[in-house]
Amino acid sequence: MTPVSTRRRLSAWQETGVLLLVALVLSIAVKALLLQAFYIPSESMEPGLVKNDRILVEKPSYWFGGSPQRGDVVVFKDPGGWLGDEEISSAGNPITQLLTKVGLYPSGGHLVKRVVGVPGDVIECCGDQGRISVNGVTLDETSYARPSAVGCDNNTAGSCFGPMPRIAHWRAGPVPAGMLFVMGDNRNHSADSSYHLCTEAETECSDSPWVPEDLVVGKVFAVVWPWGHKRFEHRPDDFADGSIS
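Residues numbered from 1 in each chain as written. Predicted model: local features only at pLDDT ≥ 70, side-chain atom pairs only at ≥ 80, totals over all residues. Heavy atoms only, no water.

1. Some details on the pairing of strand β3 (residues 73-76)
- Neither face of β3 is exposed, since V73 and V75 on one face and V74 and F76 on the opposite face are all buried.
- Bridge count between β3 and strand β4 (residues 111-117): four bridges; the pairing is antiparallel. Bridge pairing in β4 places V73 opposite R114.
- Sheet topology note: the β3/strand β13 (residues 216-225) ladder contains three bridges and is antiparallel. Opposite V74, over in β13, you have K219 as the bridge partner. (Buried < 20%, exposed > 50% of the residue type's maximum accessible area, 1.4 Å probe, protein only. Helix = DSSP H or I, 4+ residues; strand = E, 2+ residues; numbered from the N terminus. Pairing = 2+ DSSP bridges.)

What follows is the structure in structure tokens.
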């Protein structure tokens, strides 16, 4: 006689439910530990990252004592009052909100900027050709940043890679321990660290240009949508060559 199995086989619905539960747990684990999807909410990182681009952020680079480096494009939580209305907007329907929470749909409510200064750095604007410097080394940002269409004094013709609406020349730093100085690549359309910098003439300014390192979610490593924009993100040569000490 053929033995009769005492095990109950799961029904198709039960198997589907188990698979969905496993997929949900894996998605939450991946989001928490490895990767997270975001979208670009504004024009502040153009020309490289365009509004509504979908990006992937990886987290392991900053594990085990690792920290953001100059030139990294990072996603971080709002340090306080930096987000505009267009950047705060969230998913509109319950399904999209659920997918966002588990990491299966790009989320908003964060900022995307490039790290220009790390702890101990001094950042200044602007030298020859309207370029900023870090620790006295002038940066050539022409390959990735979009300067303003006028000089750094906002009056003369030319271009400026470090514009501020209130002052022609500025200095920030040394950057405090555990903090970062960040800028958007679209220098004339980015409420970044330079925008939040208090000048010597502003006696009642309570703003802060620093971004705490512990607010950084991770480093942007790829644009995945739209298809025509897809690429991997790399640290620019002027930051990667070790010329800044």
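What follows continues from the structure just given.
2. So, the sheet that holds strand β5 (residues 123-125)
- Within the open sheet, the four strands sit side by side as β7-β6-β5-β10. Their pairing is antiparallel. The open sheet has two edge strands with one neighbour each: β7 (137-138) and β10 (170-172).
- Sheet topology note: the strand β6 (residues 133-134)/β7 ladder contains two bridges and is antiparallel. Each residue of the ladder has a partner; that of V134, found in β7, is V137.

3. Some details on unusual backbone geometry
- In this chain, G173 is followed by P174 through a cis amide linkage whose omega measures 5 degrees.
- With respect to the helices, strands and loops of the structure, P174 is situated in the loop between β10 and β11 (179-183).
- Cis rather than trans, the peptide bond between W225 and P226 has omega equal to 0 degrees.
- Tracing the backbone shows P226 in the loop between β13 and β14 (231-232).
- In this structure, N52 takes a positive phi of about 80 degrees despite not being glycine.
- Residue placement: N52 occurs in the loop between β1 (35-39) and β2 (54-58).

Everything listed here is a matter of coordinates, which is why it stays silent on function.
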